[in-house]
Amino acid sequence: MSARIFKPAKTAMQSGRARTQEWVLQFEQEVPRSLEPLMGYTSSADMKQQLRLTFPTKEAAIEYAERNRIPYSVTEPHEPRRRNIAYSDNFRYNRIGQWTH
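Residues numbered from 1 in each chain as written. Predicted model: local features only at pLDDT ≥ 70, side-chain atom pairs only at ≥ 80, totals over all residues. Heavy atoms only, no water.

## Topic: the nonpolar core
Stated formally: Here, nonpolar core refers to any group of buried Ala, Val, Leu, Ile, Met, Phe, Trp, Tyr and Cys residues whose side-chain atoms link them within 4.5 Å. Accessible area is worked out with a 1.4 Å probe on protein chains only. A residue is then buried under 20% of its type maximum, exposed over 50%, and partly exposed in between. Should any heavy atoms of two residues lie within 4.5 Å, those residues are counted as being in contact.
Ranked by size, the top nonpolar core spans 10 residues in total: A3, I5, W23, L25, F27, F55, A61, I62, A65 and I70. Excluding anything up to four places from it in sequence, I70 contacts M1, A3, F27, Y64 and A65.

## Considering the pattern of salt bridges
The condition that has to hold: Salt bridge, as used here, is a side-chain nitrogen of Lys or Arg placed within 4 Å of a carboxyl oxygen of Asp or Glu. Secondary structure elements are defined from DSSP: runs of H or I of at least 4 residues count as helices, runs of E of at least 2 residues count as strands, and each element is numbered from the N terminus.
The full count for this structure, using the stated rule, is 2 salt bridges. Across the salt bridge formed by R4 and E28, the nearest N and O atoms sit 3.7 Å from each other. In this pair, R4 is assigned in strand 1 (residues 3-6) and E28 in the loop between strand 2 (23-27) and strand 3 (34-35), connecting sequence segments 24 residues apart. Classification of E28 as partly exposed rests on a relative accessible area of 34%. For E76, the salt bridge is made with K58, and the minimal N-O distance between the two is 2.7 Å. Of the two residues, E76 sits in the segment after strand 6 (72-75) while K58 sits in helix 1 (residues 58-67), which places them 18 residues apart along the sequence.

Remember, this is a structural readout, not a statement about activity or role.
Printed below as a string of structure tokens:
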């Protein structure tokens, strides 16, 4: 029963940073998923797979894992490079490249 501690990245459908500020402790899959023969659903007998605990800091998540003797691995977040571009730059006088309509 190992766990992974990480800070989730924003999804492609988000423009803001909602739900990316907290650290998450999520258990790794222990039992492989199986195919339900009648309906074809994918199921698993591992209930810990459904747990997703959130913590305000990485240290709090690590402390919880150590206190409960849960082996864990920490994945540091990758901060994306931000480009400061304004919409008005599309209409600059000295813009490189042609502007065609």
